Amino acid sequence: MAVPVAFFALFFAYPVTAIVGRGLKAEGAWQFGRIGEVLSRPDILDVLWFTTWQALASTALTLLIALPGAYVFARFDFPGKQVLRAVVTVPFVLPTVVVGTAFLALLGRGGLLDELWGVRLDTTVWAILLAHVFFNYAVVVRTVGGLWSQLDPRQEEAARVLGAGRFAAFRRVTLPALAPAVAAAALMVFLFTFTSFGVVQILGGPAYSTLEVEIYRQTAQLLDLPTAAVLTLMQFAAVGGILAVHAATVRRRERALKLVDPAQTSRRPRGAGQWALLGGVLLTALLLILLPLGVLVERSLDGSGGYGFGYYEALQSVGAGGSSTFLVPPLEAVGNSLRYALVATLIALVIGGLAAAALTRRAGRLVRGLDALLMLPLGVSAVTVGFGFLITLDKPPLDLRTSWILVPLAQALVGVPFVVRTMLPVLRAVGDRLREAAAVLGASPLRAWREVDLPLVRRAVLVAAGFAFAVSLGEFGATVFIARPDNPTLPVAVARLLGRSGELNYGQAMALSTILMLVCAVSLLLLERIRTDRSGEF
């Protein structure tokens, strides 16, 4: 536990505490009255209200659209199912900047809807809601569909035999069994949308601002640290409260379920109704997921002289078209992002692997406290973390302001929770008797781990590495503060290009977003291949 605790204390707790302290301290004394002052401001109340209701609306809309997809993937067997499962998961590993860019190309000025019908939805709440559904569709399909595929359908069939109608049998038998998975999926969607940054910043315009966007504005543009500190505390308290309520709700609803092999529950659709449901899900995937990604690629190729690779070629030069957005060719952001993400993945695997190993020991409150600590970076503003890095890691022996390692450290903070959640169930499934047998045969603890645990969790490690790499590659909130102008990452480069006017800047943003999308998609397809390897599942 020592290494993960030290890592989070130094690179998470210390920067966040320092930035909050600077905002709420004056002349060495805490000024808690500022909290009331900030929360009484009408503009801040509007931000809190919009953050909450758009998160609720996004969650409800995502569940409404994605639950039929979860059922189709759980119960139906059809050609191309594995490929389609990978495709619908691509948006989840995409950086939010890319998601915002894709919907800007579809719904914004000069976008597909604007060209066909003269309709623009950018700077409206509908663009934000649709982008959030696009981003979180796979969360519901994976979380709910995974459990749904293992529920024994004979339980619902028995209720039908006893006289219950199809809807009554679903409501009384299947829905209670799915309730924990639905609650978990709703929680994740709500958290992701409650802390939304890139999507709202690109699509919302000046009229809409979530807590995360407002923290960025107060910190980077207005330099109002007291307001930013109060908003950070509000976001942290809200996320903590949501997690606590969810944990209590899930514990009350947990019960023993009769689970079966997913292969026993999956079959080809029967009847017109099931084929219509499958067709509706496929059409949803086409319009909601493939269309925005396709429009993004099309816009990256559509230059002033016709279709071609002009925007991609312009990425190789500095100041193309008179632009001074970058000190280096924008294409260098690709190499920068890959290097940073690889280092961040290595850090996340070491920290997350050690933490997962500690959590398997079930050593009381201390270990449970570590479990909660690991999840905090997902609920605390990444903007606060990034700005905290700048104001705390600026003195020897940790003067890292000009060091390249600062970016991978910030990216690793969001990668560690994914590593822990991927490896923990597998480590807990390793029988203690195997380790004890190795010890009886003379193996040291280190050798027993190498010979017993590692072969069993190797696939989980690879999957964890893939997720850590994808989320590190797309991290934006903290990186936007600490990435140096001569070493931008892909998400930062896209945001800078979109922030400047001109057709060339817009086209280059589309090209960089397409490159980033392809890198994330390849990572995900490799994950799918690892997960479905014939040598076993975990």
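Chemist: Explain the overall build of the protein chain here, please?
Modeler: The helix and strand tally for the protein chain stands at 24 helices and 6 strands. Counting over 538 residues, the protein chain shows a buried share of 50%. For the protein chain, the computed accessible surface area is about 24,600 Å², with 63% contributed by carbon and sulfur atoms.

Chemist: Can you help me understand the environment of Pro 4 in this one?
Modeler: Mapping Pro 4 onto the fold places it in helix α1 (residues 2-24). Taking C-alpha positions, Pro 4 is 9.8 Å from Ala 348, a pair spaced 344 residues apart along the chain.

Chemist: So what exactly am I meant to see when it comes to the packing of helix α16 (residues 332-359) against helix α21 (residues 445-474) here?
Modeler: In helix packing, the relevant descriptors are the interaxial angle and the interaxial distance, both defined with respect to the helix axes. In the contact formed by α16 and α21, the axes pass within 8 Å of each other and the chain directions differ by 135°. As summarised for this structure, α16 and α21 are arranged oblique, according to the angle between their axes. Of the two elements, α16 crosses α21, and the hand of that crossing is right-handed. Residue-level contacts link Ser 337, Leu 338, Ala 341, Leu 342, Ala 344, Thr 345, Ala 348 and Leu 349 of α16 to Val 461, Ala 464, Ala 465, Ala 468, Phe 469, Ser 472 and Leu 473 of α21. Looking at the contact of α16 with α21 residue by residue, the classes come out as 12 nonpolar, 3 polar and no charged.

Chemist: Would you mind going over the confidence of the model for the protein chain with me for this structure?
Modeler: Low-pLDDT portions of the prediction should not be read for the details of their coordinates. On average, residues of the protein chain score 81 in pLDDT, and 88% of them reach the 70 mark or higher. Highest mean pLDDT in the protein chain belongs to helix α3 (residues 42-75) (92); lowest belongs to helix α13 (residues 262-265) (61).

Chemist: Looking at this structure, how should I read the packing of helix α7 (residues 125-148) against helix α9 (residues 166-194)?
Modeler: Between α7 and α9, the least distance of the axes is 9 Å, while the angle of their chain directions is 145°. Along this stretch, α7 crosses α9, giving a crossing that reads as right-handed. In this structure, α7 uses His 132, Asn 136, Val 139, Val 140, Thr 143, Val 144, Leu 147 and Trp 148 to contact α9, whose residues at the interface are Phe 170, Thr 174, Ala 177, Leu 178, Ala 181, Val 182, Ala 184, Ala 185, Met 188, Val 189, Phe 192 and Thr 193. When grouped by side-chain class, the residues that make up the contact of α7 with α9 number 15 nonpolar, 5 polar and no charged.

Chemist: I keep staring at the side chain of Asn 136 and nothing clicks. Help me out?
Modeler: Along the chain, Asn 136 falls in helix α7. When sequence neighbours within four positions are dropped, the list of residues in contact with Asn 136 reads Thr 62, Val 189, Phe 192 and Thr 193.

Chemist: Would you mind showing me how to read helix α11 (residues 211-221) here?
Modeler: Owing to its 3.6 residues per turn, the α-helix brings residues three or four apart onto one side. Burial runs high along α11: 8 of the 11 residues are buried. Considered for burial, the residues of α11 that qualify are Leu 211, Glu 212, Val 213, Glu 214, Ile 215, Tyr 216, Gln 218 and Thr 219.

Chemist: Where do I start with the nonpolar core in this structure?
Modeler: Buried together is how nonpolar side chains tend to be arranged in soluble globular proteins. The biggest cluster of nonpolar side chains holds 155 residues, and the ones touching the most others in it are Phe 7, Leu 94, Val 144 and Phe 389. The biggest single contributor to this core is α7, with 16 residues. Apart from the residues within four sequence positions on either side, Val 144 is in contact with Leu 67, Ala 70, Leu 178, Ala 181, Val 182 and Ala 185.

Thresholds applied
Residues numbered from 1 in each chain as written. Predicted model: local features only at pLDDT ≥ 70, side-chain atom pairs only at ≥ 80, totals over all residues. Heavy atoms only, no water. Helix = DSSP H or I, 4+ residues; strand = E, 2+ residues; numbered from the N terminus. Buried < 20%, exposed > 50% of the residue type's maximum accessible area, 1.4 Å probe, protein only. Areas by Shrake-Rupley, 256 points an atom, 1.4 Å probe, with all protein chains shown as cover. Axes fitted to C-alpha atoms, helices over the stretch in contact; angles between N-to-C directions. Parallel < 35°, antiparallel > 145°, perpendicular 65-115°, else oblique. Left-handed = near helix turned anticlockwise from the far one by under 90°. Contact = heavy atoms within 4.5 Å. Nonpolar A, V, L, I, M, F, W, Y, C, P; charged D, E, K, R; others polar. pLDDT = per-residue confidence, 0-100. Core = buried A, V, L, I, M, F, W, Y, C linked by side-chain atoms within 4.5 Å.

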